[in-house]
Amino acid sequence: QVQLVESGGGLVQPGESLRLSCAASGSIFSVNLMGWYRQVPGEERELVASITKGNSTNYADSVKGRFTISRDSAKNTVYLQMNSLKPEDTGVYYCNVHLQRRMGGPFFSYWGQGTQVTLSS
């Protein structure tokens, strides 16, 4: 019914940039909160950035000033522009979207498949 497809990860050198994309498709009536999470092996998944329907943003302290989250509501897509990447940014980045599948219905949370971001040493 609903799927999230992520793209944009890769292997980069410190100081370089990447832009992650996450497009939601399927039976979608309305998208509310969208966010990006990072997970490192052996650790819990942590919020990197989020953006509301009204474009209010929130960032983890570790990425403030370097990452920018944005959304294209018409395309149900959320982006994460990652600049000045550091080795500690390495991890699997997961897109998360809260949405309604039908008018008046409940909000569901969906996860993307994850995209690997690796900073070389």
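Below, the structure is looked at part by part. (Residues numbered from 1 in each chain as written. Predicted model: local features only at pLDDT ≥ 70, side-chain atom pairs only at ≥ 80, totals over all residues. Heavy atoms only, no water.)

**Concerning the pairing of strand β5 (residues 46-51)**
Okay, so step 1: Pairing of strand β4 (residues 30-39) with β5 involves 5 bridges; the strand directions are antiparallel. In the sheet register, Tyr37 faces β5, and the bridge partner there is Leu47.
Okay, so step 2: Between the antiparallel neighbours β4 and β5 lie 6 residues, among them Gly42 with a positive phi of about 85°.
Okay, so step 3: Alignment of β5 against strand β6 (residues 57-59), held across 3 bridges, turns out to be antiparallel. Bridge pairing in β6 places Ile51 opposite Thr57. (Pairing = 2+ DSSP bridges. Helix = DSSP H or I, 4+ residues; strand = E, 2+ residues; numbered from the N terminus.)

**Quick look at the environment of Trp111**
Okay, so step 1: Mapped onto the secondary structure, Trp111 falls in strand β10 (residues 107-111).
Okay, so step 2: A relative accessible area of 39% means that Trp111 is categorised as partly exposed.
Okay, so step 3: Separated by 79 residues in the primary sequence, Trp111 and Asn32 have C-alpha atoms spaced 14 Å apart.
Okay, so step 4: If we ignore the near neighbours within four places in the chain, the residues touching Trp111 are Leu4, Tyr37, Arg45, Tyr94, Cys95 and Asn96. (Buried < 20%, exposed > 50% of the residue type's maximum accessible area, 1.4 Å probe, protein only. Contact = heavy atoms within 4.5 Å.)

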